[in-house]
4 protein chains.
Amino acid sequence: MAAEPLFGAGLWHFGQFRDRYATDGYGPPVSTLEAIDRAGQVGSLSVVDINYPFNPADTDVAQLEERLKANGLRAIALTPEIYTRKFSRGGFTNPDPEIRRAAIELVSESADLARRLGCDYVKLWPGQDGWDYPFQADYKALWQMSIEAVRELAQRHPDLRFAIEYKPREPRNRMTFSSAARTLLAIEKMDVPNVGVLLDFGHSLYGLESPADAAQLILEHDRLYAIDVNDNFRGWDDDMVVGSIHLVETFEFFHTLRQANWQGVWQLDQFPFREDSVEAARAGVEVMRTIWRALQILDVEALTEAQSRQDALAAQRIARKALLTAQVEG
Amino acid sequence: MAAEPLFGAGLWHFGQFRDRYATDGYGPPVSTLEAIDRAGQVGSLSVVDINYPFNPADTDVAQLEERLKANGLRAIALTPEIYTRKFSRGGFTNPDPEIRRAAIELVSESADLARRLGCDYVKLWPGQDGWDYPFQADYKALWQMSIEAVRELAQRHPDLRFAIEYKPREPRNRMTFSSAARTLLAIEKMDVPNVGVLLDFGHSLYGLESPADAAQLILEHDRLYAIDVNDNFRGWDDDMVVGSIHLVETFEFFHTLRQANWQGVWQLDQFPFREDSVEAARAGVEVMRTIWRALQILDVEALTEAQSRQDALAAQRIARKALLTAQVEG
Amino acid sequence: MAAEPLFGAGLWHFGQFRDRYATDGYGPPVSTLEAIDRAGQVGSLSVVDINYPFNPADTDVAQLEERLKANGLRAIALTPEIYTRKFSRGGFTNPDPEIRRAAIELVSESADLARRLGCDYVKLWPGQDGWDYPFQADYKALWQMSIEAVRELAQRHPDLRFAIEYKPREPRNRMTFSSAARTLLAIEKMDVPNVGVLLDFGHSLYGLESPADAAQLILEHDRLYAIDVNDNFRGWDDDMVVGSIHLVETFEFFHTLRQANWQGVWQLDQFPFREDSVEAARAGVEVMRTIWRALQILDVEALTEAQSRQDALAAQRIARKALLTAQVEG
Amino acid sequence: MAAEPLFGAGLWHFGQFRDRYATDGYGPPVSTLEAIDRAGQVGSLSVVDINYPFNPADTDVAQLEERLKANGLRAIALTPEIYTRKFSRGGFTNPDPEIRRAAIELVSESADLARRLGCDYVKLWPGQDGWDYPFQADYKALWQMSIEAVRELAQRHPDLRFAIEYKPREPRNRMTFSSAARTLLAIEKMDVPNVGVLLDFGHSLYGLESPADAAQLILEHDRLYAIDVNDNFRGWDDDMVVGSIHLVETFEFFHTLRQANWQGVWQLDQFPFREDSVEAARAGVEVMRTIWRALQILDVEALTEAQSRQDALAAQRIARKALLTAQVEG
């Protein structure tokens, strides 16, 4: 059997969750170092994507590197927090030029740190860049500001890669980088070699895309830098444990990556508000491993033949046969 | 292993499909008798739910009974077509009292025939009863007309059962019997013993219900007369092959029915627009059988214990263990 | 012209907002007394619905009463916070009986205070009561616990009224009191005279109901205790300024209340994350006043006649004529 | 006041509607010539988009031209029906190369006729090109076939323009040209000067786009060949009368076109299943005229200033002031 992929997770998976109701948090605060220890406890994670600034902000980098090492982890990426209070009216598209600048500088600062930590990419998730109301925004201006900000960052750090994580909405009612195709259009406009896409399975799912098709489109443009997986009820970014609802489409998604021989990390972006975060990560990895096994027993030749006829019944039967025996084969 | 349930299907599953684009139909016309033969060809169906009037309308009933017998089938229900051109502005709620009357009489006529055919119930699907635009309707009047029409039918045929199939929308933008709870409220108002609910898994799914929870609610009121299964992308009534998307929730749905010791037929309501209808039905039964096997190996005791703690991770693991080995066990 | 209705707002409208991204809040913390002052600054509000416990918890009640008076406000309701960290795995349906008890006692405590403050009702919003994953919960048990908890409260405080605010989802992926019909079914089971419904326009809208129809259904059961208005993009509870998207349906909603001669307060439940909360409330009242004026000039007789024919074009024209001149008439 | 825009409609607006339930149609059959007469009866339409083949197929072109003239109409476009039974498993992406060829040839044939009729563009709506089930299709192959088919047509008819009408879904569960951004990406790949986009307001709305933003994006690529307007409940392509739900966003959409000085036709794509089609078109034009008037009185300068601050409350107030007085000004 082929070697398993590397598994990873966003470090926020192990942090404190809040929402607009449980404003005191779903659990106690968790420092960045504590979160790293929890990620280590999962036992099967190799990499983590770390929010920056750290918590607390004065966390010593050397100590963080040590703690990662002690837990057998590597920082695959940093995610600058350009969506907190200061940036609540926008990061790259904030109406105030000083705050736009502050967002760019915060990312640039995290890029320098990502270089030191040997990350594979800097993740850009401009969650506050978009609009809430009809008539609120000059769409052309937002689009330009978004493109220019990312281009500037890519040009300032030509040795690093920047991965844009698109999302249809939340926290903004509508977001600028909302889909795979829109993000690819923006990247073409940027005309730089080191900007790509992080495809979040759940974002794609509730954004009315077929995640496997979105992956294919991004792969075709050679811009698939990273992926995150989770699950939802298709109306919102529920960030549930991977495979808890959409087992079949999750399987199809990973099948597409494998057919393209994509070599990236299988990464979790789950928000276990009411579950133990270490157990939730273990559950997610468990599902990914089951899907990995299903990929080993999938009759790819027969599937390819069925797809050439666009034969849904045959293709589904072949996929189901592999998926519904994967637990045993393991 | 416990005996398998009976499997059935709506006879329209084997008919000609049209929509607003392929107005010439996705295939050639199919008569009621031909559709019965196709249902027989599936090989695993015991009952069918038949649209009335038959196609052609002058189909001989004795011949139909013969044909059912020849195919090892029984008519579990009749579905009067109170949603064709004549009733396009409403059946039970049509603004024209004469058409309201015609709808009631068509159902009554099909009730008499259902009696002769020994059906378990008459299915009521008032698909054209609802509204399309804000301000269009007097909601109170529509609600009253719907309740009174069904009550009259139940009282005229006290020896028969009437099953209301609720649906959030389509063909109307909004429908009167739109959810399990609304339909139960209406049934209480009717105050008759012989009106119940047909729960269509897909309608429940895209109506924002949890189908297993909706089933539980209807069971608690002792009004679950029948079920239909299929699948969709959660935004519309796609009527796909059962389990092609929501394997886990389909499994949960049948688990709930089994825990309640519900004894009804596992019935298909699929619309294989572009697939062979016999093959699509076989695929649906295949999935239902896999789920049936999964029910046999599901550790109900452990699941019940996990549910008592509302432990999502444990409950999902237990369910997954049964589901992802079911294919093999078979 | 008839006298305007009273306008009100949930006090949280003027508080600090957080979400899972801007965990440091969209603005600085706001105490209950400060929020009351902001509500007063709106200039057109007569009542507020106040979260309990107050912020800070030791806020002096006499001082709060004074502050309300100073701002020309009255407490129409208290909303006990049975959805914070302690209750994050459920209030009335928490798997831990002690926490279920704590939720009931917190509501009971707020009921005593509501009596002292002369509120019209105690609002029940069991936001954490529901489930997130398939297989997680025993739906029957959750339903029973919800019904019993509310019944106990109603019986302990027979002189007070309890209004259940239903919502399809958030913060739970699925909630127990999810729709108008489900909540009415639960209220019937409770069999007490002093439990009713608070209809939130936005919850109804994204729950696939037609808010005017939901209002009609609740009015028919004589259980419409209160309403909240806001707006959204129909996929989530965006809590935008009323009328910013669905002007026509908002107009229809208030028309339905007026035809039923419903005398309650027109209340705001908006979350102006990125706007000035006083200005956002003024905007909401401005829209409600415009709609009020539209109601005065609406040709009800012609509308009723068009609705008797279910004539969508005529009904919409009549409604539009009133709505699209309302600003001027004012 | 500036001169009004030209108004138009898809000729199908006046035809016979069917769906999967009212298979006998929502009314009697309507020939192409009869539909042209109905379009003429509206009184305010200048152009129509005509389905090809005509109904009946042997309709004489000279006679059709005459009939258009007699009704003061011009054919702005032809829409080849590459979505009927023959193409139900796909037009440009059909697994059978002969049917793919037949689809291309049907479009080419309609292009020749469009040239003779002096149309502005040939509309491409490959409604059957996409997929229904996970695992059914090789997404890369579908994407390539779609691009190559349109490129071939554009190159064979360099003197004509081809407008792709994108749509998220229906009749396929997922469609290849599903959004503005995806379609623009495909057009870039085609690398031809004469392929653009027809933006259908309703498709954009239920596809989670902001129609005004989608228009802006297409305008920026200089590919906005045409628009269609209608309305829906945001979950499906209900094709309701324009403005019956989303007055504010429809106003914003036309404002964006006007700011860009876009000179195209304001075209209706409504499906009045249960209404008189001539009256429904008149209602649609009435709403568009009201919005046109609102554009005349909109304080663009103040709006631009508010948008530069991304001030939602101010922008909405300015828009509302114009919209809610437009009826009177007229």
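Just so you know, these numbers come straight off a predicted model, no measurement behind them. (Residues numbered from 1 in each chain as written. Chains lettered and ligands numbered in written order. Predicted model: local features only at pLDDT ≥ 70, side-chain atom pairs only at ≥ 80, totals over all residues. Heavy atoms only, no water.)

### Looking at the overall build of chain A
Within chain A, the secondary structure is distributed over twelve helices and ten strands. Radius of gyration (C-alpha) of chain A: 20 Å, near the 20 Å computed for a compact globule of 330 residues. Each of the three principal axes of chain A carries a C-alpha extent, and together these read 55 × 45 × 40 Å. Put simply, chain A has 330 residues, and 71% of those count as buried. Partitioning the intrachain contacts of chain A with sequence separation of at least 6 by distance along the chain shows that 77% fall at a separation of at least 24. For chain A, the accessible area works out to roughly 10,100 Å², and carbon and sulfur atoms hold 48% of it. Between the mean site of the 35 positive side-chain charges and the mean site of the 49 negative ones, chain A shows a separation of 2 Å. (Helix = DSSP H or I, 4+ residues; strand = E, 2+ residues; numbered from the N terminus. Rg over C-alpha atoms; globule rule 2.2 N^0.38 Å. Buried < 20%, exposed > 50% of the residue type's maximum accessible area, 1.4 Å probe, protein only. Contact = heavy atoms within 4.5 Å. Areas by Shrake-Rupley, 256 points an atom, 1.4 Å probe, with all protein chains shown as cover. Lys, Arg positive; Asp, Glu negative; His and termini not counted. Charge placed at Lys NZ, Arg CZ, Asp CG, Glu CD.)

### Quick notes on the packing of aromatic side chains
Per the stated rule, a full pass over the model turns up 67 aromatic pairs over all chains. Plain terms: the ring middles of B:Y83 and D:Y21 are 6.0 Å apart, the flat faces sit at 80 degrees to each other, and that makes the pair edge-to-face. With one member in each of two chains, B:Y83 in the loop between β3 (74-80) and α3 (97-117) and D:Y21 in the loop between β1 (7-10) and α1 (32-42) form a pair that bridges those chains. For the pair B:Y83 and D:Y21, one class covers both residues: buried. Between the aromatic rings of D:F7 and D:W266, the centroid separation amounts to 6.2 Å while the plane-to-plane angle is 75 degrees, which identifies the pairing as edge-to-face. Of this pair, D:F7 sits in strand β1 while D:W266 sits in strand β10 (residues 266-268), and the two are 259 residues apart along the sequence. What makes D:F7 buried here is its relative accessible area of 1%. Every member of this aromatic cluster is reached through a ring pair, and the members are A:F7, A:F201, A:F253, A:F254, A:W266 and A:W292. The side chain of B:R174 reaches across the aromatic face of D:F233, ending 4.5 Å from its centre. (Phe/Tyr/Trp six-rings, centres within 6.5 Å; stacked < 30°, edge-to-face > 60°. Lys NZ or Arg CZ within 6 Å of the ring centre and 35° of its normal.)

### Side note on the confidence of the model for chain A
Residues at a pLDDT of 70 or more form 99% of chain A, whose mean pLDDT is 97. Complex prediction metrics read pTM 0.98 and ipTM 0.97. (pLDDT = per-residue confidence, 0-100.)

### Observations regarding the environment of B:E249
Following the sequence through the fold, B:E249 ends up in helix α8 (residues 247-259). Once the C-alpha coordinates of B:E249 and B:P211 are considered, the two residues, 38 residues apart in sequence, prove to be 7.6 Å apart. Aside from chain neighbours lying at most four places away, what touches B:E249 is A:F233, A:I245, B:F201, B:L205, B:R234 and C:P134. Here B:R234 takes part through its side chain, which lies 2.6 Å from a polar atom of the side chain of B:E249. (Polar contact = N/O pair within 3.5 Å; in protein donor to acceptor, adjacent residues only side chain to side chain.)

### Points about the interface of chain B and chain C
Contacts between the two partners involve 52 residues from chain B, matched on the other side by 52 residues from chain C. Summed over both partners, the interface of chain B with chain C buries about 4,600 Å², with 57% contributed by carbon and sulfur atoms. Across the chain B-chain C interface, the total number found is two salt bridges. In this structure, C:R182 engages B:D213 in a salt bridge whose closest nitrogen and oxygen atoms are separated by 2.9 Å. There are 24 residue pairs in polar contact (both at pLDDT 80 or more) connecting chain B and chain C. Of all the secondary structure elements, the ones that give two or more residues to the side of chain B that touches chain C are α4 (139-156), α5 (180-190), α7 (211-220), α8, α10 (300-308) and α11 (312-323) of chain B. Partitioned by chemical class, the residues of the side of chain B that touches chain C number 23 nonpolar, 13 polar and 16 charged. (Buried area = accessible area lost by both parts, 1.4 Å probe. Salt bridge = Lys/Arg side-chain N within 4 Å of Asp/Glu carboxyl O. Nonpolar A, V, L, I, M, F, W, Y, C, P; charged D, E, K, R; others polar.)

### Quick word on the UniProt feature "domain: Xylose isomerase-like TIM barrel" (unreviewed entry) in chain A
As recorded in UniProt, the feature "domain: Xylose isomerase-like TIM barrel" (unreviewed entry) lies at residues 52-290 of chain A. Structurally, residues 52-290 of chain A comprises 43% helix and 14% strand, and the distance from its first C-alpha atom to its last is 32 Å. (UniProt positions renumbered as here; feature names shortened; annotations may be inferred.)

### Digging into the packing of helix α7 (residues 211-220) of chain D against helix α8 (residues 247-259) of chain D
All names here are of chain D. At a minimum axis distance of 8 Å, the contact between α7 and α8 shows a crossing angle of 20 degrees. Considering their axes alone, α7 and α8 lie roughly parallel with respect to each other. In this structure, α7 meets α8 at a crossing whose hand is right-handed. Counting all contacts with α7, which are made through P211, A212, A215, Q216 and L219, the residues of α8 involved are E252, F253, T256 and L257. A per-class count over the contact of α7 with α8 returns six nonpolar, two polar and one charged. (Axes fitted to C-alpha atoms, helices over the stretch in contact; angles between N-to-C directions. Parallel < 35°, antiparallel > 145°, perpendicular 65-115°, else oblique. Left-handed = near helix turned anticlockwise from the far one by under 90°.)

### Some details on the relation of the copies chain A and chain D
Rotating chain A by 180 degrees and moving it 0.0 Å along the rotation axis overlays it on chain D with an RMSD of 0.0 Å. Classification of the inter-copy transformation places it as that of a two-fold axis. Using C-alpha coordinates, one finds that chain A approaches the rotation axis most closely at A:A181, a distance of 2.6 Å. (Least-squares fit on C-alpha atoms with pLDDT ≥ 70 in both.)

### As for unusual backbone geometry
Residue B:P53 follows B:Y52 across a cis peptide bond; omega there is 5 degrees. Located in the positive-phi region is A:D191, a residue other than glycine, with phi close to 55 degrees. Position of A:D191 relative to the elements: it lies in the loop between α5 (180-190) and β8 (195-200). In this structure A:D191 comes out as exposed when scored by relative accessible area, which is 67%.

### Observations concerning the interface of chain A and chain D
In this complex, chain A contributes 52 residues to the contact, which on the side of chain D involves 52 residues. Surface buried jointly by chain A and chain D totals about 4,600 Å² across both partners, of which 57% is contributed by carbon and sulfur atoms. Seen at the junction of chain A and chain D, the total is two salt bridges. Where chain A touches chain D, the interface holds 25 residue pairs in polar contact (both at pLDDT 80 or more). When grouped by side-chain class, the residues that make up the side of chain A that touches chain D number 23 nonpolar, 13 polar and 16 charged.

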